[in-house]
Structures are given as C-alpha cells and as structure tokens.
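# Residue-level structural notes
Each chain is listed here by its residues.
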Amino acid sequence: MAKKKARARPSGDLLKLLATRPRAVALAALHVSESVLLELEASELLSAAEIRGLLKDASTTLRNAAEQVDNRSCLIASEIVESMRENFKRNKT
C-alpha cells in the first residue's frame, strides 16, 4: 500500500492573512487560474476553444448556484469568469 504524502499545513501567519484579506486571496487565485489556463494553451494541452468552454461551464455553474441559494457572491463570480472568457476569446481571435 502506497504511503500518502504529507501536505504541509499553512503556518499560523498565512492562515491569519488568508482570513483577514479575502480580496487579496481572490485576486491571487484569479491570476493563478488565468496563468494556468494560458500555460495549458501554450503547451497545447487545451485549445483556445476548450478553454473558453471550460470558462463557460464555470460561469454557468456559478450562475446556477447563485440562483439556487440567492448568493450574490456566486453571481458576481460568474460575471468575472464570463469576462475572462470574453477577454480570452477576444485575445485569441
């Protein structure tokens, strides 16, 4: 049986930062996600069309979640993802 790798737990300082700076955390996650998508395209693991489809699926899922639980954050997140998709489309055509 294979051993599980132990994951390092965030330090107390990092946990405090994550808890007190949610906007910074969201911005960092957004930029990392965008970088990953660009790298997936550059390495030809996903086409531009596949990335736009992935972003469309994410936007739709967030919008549906917003409607089910009346969650404004999900609705705004959906709009952000849709904007990313439109920008990706514009930059790749």
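Above this text is the structure in question.
In this report, we go over the structure that sits alongside the text. What you are looking at is a predicted structure, and each value in this text was computed from that prediction instead of being measured.

A side chain of one charge can pair with a side chain of the opposite charge when the charged atoms of the two come close. The final tally for this structure, using the stated rule, is two salt bridges. A salt bridge links Glu 82 to Arg 85, with the shortest nitrogen-to-oxygen separation between them at 2.7 Å. Here Arg 85 and Glu 82 lie together in helix H4 (residues 72–92), a separation of three residues that amounts to about one turn. Here Arg 85 falls in the buried class, since its relative accessible area comes to 11%. With a shortest N-O distance of 3.2 Å, Glu 86 and Arg 85 are connected by a salt bridge. Overall, the relative accessible area of 32% leaves Glu 86 in the partly exposed class. The network of salt bridges with common partners includes Glu 82, Arg 85 and Glu 86.

Residues Leu 14, Leu 15, Leu 17, Leu 18 and Val 25 make up a contiguous nonpolar surface patch of about 390 Å² in total accessible area. The element best represented in the nonpolar patch is helix H1 (residues 12–20), accounting for four residues. Tracing the backbone through its elements, the reader meets Leu 17 in helix H1. On the basis of relative accessible area, Leu 17 is assigned to the partly exposed category, the value being 46%.

Okay, the environment of Leu 40 next. Its location among the elements puts Leu 40 in helix H2 (residues 22–42). Its relative accessible area of 25% is what places Leu 40 among the partly exposed residues. When the C-alpha positions of Leu 40 and Ile 51 are compared, they lie 8.6 Å apart, and in sequence the two are eleven residues distant. The contact partners of Leu 40, leaving out residues within four places of it in the chain, are Leu 45 and Leu 46.

Here the focus is the side chain of Arg 85. Polar contacts involving the side chain of Arg 85 include one to the side chain of Glu 82, which spans 2.7 Å. Excluding residues that lie within four positions of it along the chain, Arg 85 makes contacts with Arg 52, Leu 55 and Lys 56.

Core analysis: the largest hydrophobic core is formed by seven residues, namely Leu 37, Ala 48, Ile 51, Leu 55, Val 81, Met 84 and Phe 88. Every residue in contact with Leu 55, bar those within four places of it in the chain, is listed here: Leu 37, Val 81, Met 84 and Arg 85.

Attention now moves to helix H3 (residues 48–69). Spanning 22 residues, H3 covers 32 Å between terminal C-alpha atoms, matching the ideal 32 Å at 1.5 Å per step. Of the positions making up H3, those classed as buried are Ala 48, Ile 51, Arg 52, Leu 55, Ser 59 and Ala 66. Buried residues along H3 cover an arc of 100° about the axis, so they all sit on one side. Facing away from the buried surface of H3 by more than 90 degrees, the exposed residues are Asp 57, Thr 61, Glu 67, Gln 68 and Val 69. One or two residues past the end of H3 sits Asp 70, with phi positive at roughly 50°.

Conventions and cut-offs
- Residues numbered from 1 in each chain as written.
- Predicted model: local features only at pLDDT ≥ 70, side-chain atom pairs only at ≥ 80, totals over all residues.
- Heavy atoms only, no water.
- Salt bridge = Lys/Arg side-chain N within 4 Å of Asp/Glu carboxyl O.
- Helix = DSSP H or I, 4+ residues; strand = E, 2+ residues; numbered from the N terminus.
- Buried < 20%, exposed > 50% of the residue type's maximum accessible area, 1.4 Å probe, protein only.
- Patch = residues over 30% accessible without salt bridge, like charges linked within 9 Å, V, L, I, M, F, W, Y side chains within 5 Å.
- Areas by Shrake-Rupley, 256 points an atom, 1.4 Å probe, with all protein chains shown as cover.
- Contact = heavy atoms within 4.5 Å.
- Polar contact = N/O pair within 3.5 Å; in protein donor to acceptor, adjacent residues only side chain to side chain.
- Core = buried A, V, L, I, M, F, W, Y, C linked by side-chain atoms within 4.5 Å.
- Expected span 1.5 Å × (residues − 1).
- Arc of directions from axis to C-beta.

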